[in-house]
Amino acid sequence: GMKTLISLIIMAFLVVHAASQEWRHEVSDTLLTVEQCAEMALSNNAAVKNSIKNVESSSETRREAFTKYFPQVSASAAAFRTHNNVLEYDFFNLVSLGIIDRGKMASIQALQPVFMGGQIINGNRLAKVGEAVAELQCRQTADEVCLTARTYYWKLVTLHATRRTLEKALQTLDSLDRQVQVAVDAGIATRNDLLKVQLKRNQYRADMVDLDNGIGLFGSLLGQYIGLPVNLRPKVTPTVPDSLPEIPVDIFMPPSEALSQTVDYQLLDKNIEAKKLEKRIEIGKNLPTVALGAGWFYHDVLRQNHNFGAVMVAVNIPLSGWWGGSHAIRKKKLALEIAQTEFTDLSQKLEIGMQDKWNDLTAAHRKMAIAHEAIVQSAENLRLNRAYYDAGMCTVTDMLDAEALNRQAIDNYTASYGAFRIAVEEYLNATGQQDYNLTSEHKQ
């Protein structure tokens, strides 16, 4: 009874509370909002977690590149023993003398790059670009994950609202069934009328099975996406407003203004920057390099210990590298030109895409408005037919048709409301207006 129900609720809460230490959100039997779903998806989705690891990996690459500025230090040591002497002298066939049959050597030296053709400085700049790209790709993944979570949410809301409409329709048919049964028993209605009501009710029950399957599927998809434990399902408010939502003119942005704040545009920009640096690095490979060095050396070969320090200058001129180098530089120049062409072309396509998403949004709003008007008409039609049927002025078929039309009108409005909500989310995503912060909370 009630004690068992309370025990189950407490157990569910404890399971969720334990899981919350991992995904930092507590979900009990309270309903989830679309913002909560997006936030939980950011914390728990596998794609976001991996993209955050990619950012960390690119940070290590940047730190590694910075170490190239410092001296390159190396140390070596060796000892040897030979089975014959390395040098042998024979004095007039009287005396033989052999020397160097063992020895040991050691050294430590440091080489400080002075001029490397810009390879080190450009390599560091390229590593910073790589880190920025990884962060942008992380943001892009987060955008996609948020959009998907929000889309699942609105589809689930739509299905639940549709189910609520169907429940009301079934209540109406149950009431009508009892009313017709009384009329049949009284001899003022035919068994055929009762059968029509029961057939329609069975059809609605079959629709309920399909709806419950759809709710189960999207509930599982959303639950997995936002990191809920397998045995829990997200609950949403199946509210579709009676009054028509206004078109959200405040979120509209001219495509040319929105372009620079989109991740796709920023990635295209970083791609050009990377190609410029790669070209400079390739040029640097064909320039002379200069390094200053210092070291300490020790040897014991002729049974005498010697150690000494030395300074050195290393100059390297890649003469033979110039033959192929010019072709490699040309190849990098072409890659840069390709990146610049892609930048112009894809920027234009991004602007067209934004306008298209706004057109989709306004079209979805118009369809929603049309569906909203039909509800008023079908509700009045149902009211009249119910009054006519009660007065014996119309048939059961007319009454059932009026009820079906009313249900269809409400379902159309519910579906168009869900489509409108998703269209708004897609426009915000296309124009870089996703409202979230990918903070350190998600990176833990």
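All values derive from a computational prediction rather than experimental measurement.

A few points about the overall build of the protein
Next up, step 1: Scanning the protein from terminus to terminus reveals 9 helices and 6 strands.
Next up, step 2: By the burial criterion, 38% of the 444 residues in the protein qualify as buried.
Next up, step 3: Within the protein, counting contacts between residues at least 6 apart in sequence, those at least 24 apart form 79% of the total.
Next up, step 4: Accessible surface for the protein amounts to roughly 26000 Å². Of this, 57% is attributable to carbon and sulfur atoms.

Considering helix H3 (residues 46–66)
For an α-helix, 3.6 residues make a turn, and residues three or four places apart therefore share a direction.
Next up, step 1: In this model H3 runs 31 Å from its N-terminal to its C-terminal C-alpha over 21 residues, within 8% of the 30 Å that 1.5 Å per residue would give.
Next up, step 2: Among all positions of H3, only Val-48, Ser-51, Ile-52, Val-55, Ser-58, Ser-59 and Ala-65 are buried. Along the long axis of H3, the arc covered by the buried residues comes to 130°, so they all point the same way. Of the residues in H3, the exposed ones pointing more than 90 degrees away from the buried face are Ala-46 and Lys-53.
Next up, step 3: Looking at the buried side of H3, the elements it contacts are helix H2 (34–44) and helix H4 (119–185).
Next up, step 4: The backbone nitrogen of Ala-47 has a side-chain oxygen 2.9 Å away, supplied by the residue at the start of H3, namely Asn-45.

What about the packing of H4 against helix H9 (residues 396–430)?
Next up, step 1: Packing of H4 against H9 brings their axes to within 10 Å, and their N-to-C directions diverge by 170°. Looking at the two axes, H4 sits roughly antiparallel to H9.

Let's talk about H9
Next up, step 1: Helix length check: H9 (35 residues) gives 50 Å between terminal C-alpha atoms against 51 Å at 1.5 Å per residue, within 8%.
Next up, step 2: One or two steps after H9, the chain reaches Gly-432, where phi turns positive at roughly 70°.

A closer look at the pairing of strand E4 (residues 102–115)
Next up, step 1: Pairing of strand E1 (residues 72–81) with E4 involves 10 bridges; the strand directions are antiparallel. When the sheet's bridge partners are listed, Ala-79 is paired in E4 with Lys-104.
Next up, step 2: Pairing geometry for E4 and strand E5 (residues 289–300), over 11 bridges, is antiparallel. The partner of Ala-110 across the bridge, within E5, is Ala-294.

Considerations on a nonpolar patch on the surface
Next up, step 1: A contiguous nonpolar surface patch, about 1100 Å² in accessible area, is contributed by Val-114, Phe-115, Ile-283, Leu-287, Leu-292, Val-313, Val-315, Ile-317, Leu-319, Trp-322 and Trp-323.
Next up, step 2: Taken together, the elements giving at least two residues each to the nonpolar patch come down to E4, strand E6 (305–316) and helix H8 (321–390).
Next up, step 3: Within the element layout of this structure, Val-313 appears in strand E6.
Next up, step 4: Residue Val-313 is classed as exposed on the basis of its relative accessible area of 56%.

Some words on the sheet that holds E6
Next up, step 1: Across the sheet, which stays open at both edges, the 4 strands sit in the order E1-E4-E5-E6 with antiparallel pairing between neighbours. Edge strands, defined here as strands with exactly one partner in the open sheet, are E1 and E6. Each strand of the sheet is rotated relative to its neighbour by a mean of 15°, with strand direction disregarded.

Looking at the pattern of salt bridges
Next up, step 1: Scanning the entire structure with this criterion turns up 15 salt bridges.
Next up, step 2: The salt bridge involving Arg-139 is made with Asp-143; its shortest N-O contact spans 3.8 Å. One end of the pair, Arg-139, and the other, Asp-143, are both in helix H4, 4 residues apart, so they sit about a helical turn from each other.
Next up, step 3: In this structure Asp-143 comes out as buried when scored by relative accessible area, which is 8%.
Next up, step 4: Put simply, Lys-285 and Glu-282 hold a salt bridge, and the shortest N to O gap is 3.6 Å. Here the residue Lys-285 and the residue Glu-282 both occupy positions in helix H7 (residues 263–285), the gap between them amounting to 3 residues, near one helical turn.
Next up, step 5: Overlapping salt bridges bring together Arg-163, Glu-167 and Asp-212 as one network.

Quick word on the nonpolar core
Next up, step 1: In terms of nonpolar packing, the biggest core is built from 68 residues, with Tyr-153, Leu-176, Val-180, Ile-226 and Leu-361 touching the most fellow members.
Next up, step 2: Where this core is concerned, the elements lending two or more residues are H2, H3, H4, helix H5 (191–226), H8 and H9.
Next up, step 3: At 19 residues, H4 tops the list of elements feeding residues into this core.
Next up, step 4: With residues near it in sequence (within four places) discarded, Tyr-153 still touches Leu-32, Thr-33, Val-34, Cys-37, Leu-222, Val-236 and Thr-237.
Next up, step 5: Core analysis: the second largest hydrophobic core is formed by 7 residues, Val-133, Leu-136, Val-263 and Leu-267 among them.

Concerning the environment of Leu-384
Next up, step 1: By the element assignment, Leu-384 lies in helix H8.
Next up, step 2: What makes Leu-384 partly exposed here is its relative accessible area of 30%.
Next up, step 3: Taking the C-alpha atoms as reference points, Leu-384 and Met-399, separated by 15 residues in sequence, lie 9.3 Å from one another.

Digging into the environment of Ile-188
Next up, step 1: For Ile-188, the position within the fold is in the loop between H4 and H5.
Next up, step 2: Taking the C-alpha atoms as reference, Ile-188 lies 9.7 Å from Gly-392; in sequence the two are 204 residues apart.

Quick notes on the packing of H8 against H9
Next up, step 1: The interhelical angle for the contact between H8 and H9, taken along N-to-C directions, is 160°, at an axis separation of 7 Å. Considering the angle they form, H8 stands roughly antiparallel to H9. As H8 runs across H9, the sense of the crossing is left-handed.
Next up, step 2: Each residue belonging to the contact of H8 with H9 can be placed in one class, and the counts come to 25 nonpolar, 8 polar and 7 charged.

Conventions adopted
Residues numbered from 1 in each chain as written. Predicted model: local features only at pLDDT ≥ 70, side-chain atom pairs only at ≥ 80, totals over all residues. Heavy atoms only, no water. Helix = DSSP H or I, 4+ residues; strand = E, 2+ residues; numbered from the N terminus. Buried < 20%, exposed > 50% of the residue type's maximum accessible area, 1.4 Å probe, protein only. Contact = heavy atoms within 4.5 Å. Areas by Shrake-Rupley, 256 points an atom, 1.4 Å probe, with all protein chains shown as cover. Expected span 1.5 Å × (residues − 1). Arc of directions from axis to C-beta. Polar contact = N/O pair within 3.5 Å; in protein donor to acceptor, adjacent residues only side chain to side chain. Axes fitted to C-alpha atoms, helices over the stretch in contact; angles between N-to-C directions. Parallel < 35°, antiparallel > 145°, perpendicular 65-115°, else oblique. Pairing = 2+ DSSP bridges. Patch = residues over 30% accessible without salt bridge, like charges linked within 9 Å, V, L, I, M, F, W, Y side chains within 5 Å. Salt bridge = Lys/Arg side-chain N within 4 Å of Asp/Glu carboxyl O. Core = buried A, V, L, I, M, F, W, Y, C linked by side-chain atoms within 4.5 Å. Left-handed = near helix turned anticlockwise from the far one by under 90°. Nonpolar A, V, L, I, M, F, W, Y, C, P; charged D, E, K, R; others polar.

Note that all results are geometric; they support no functional claim without further evidence.
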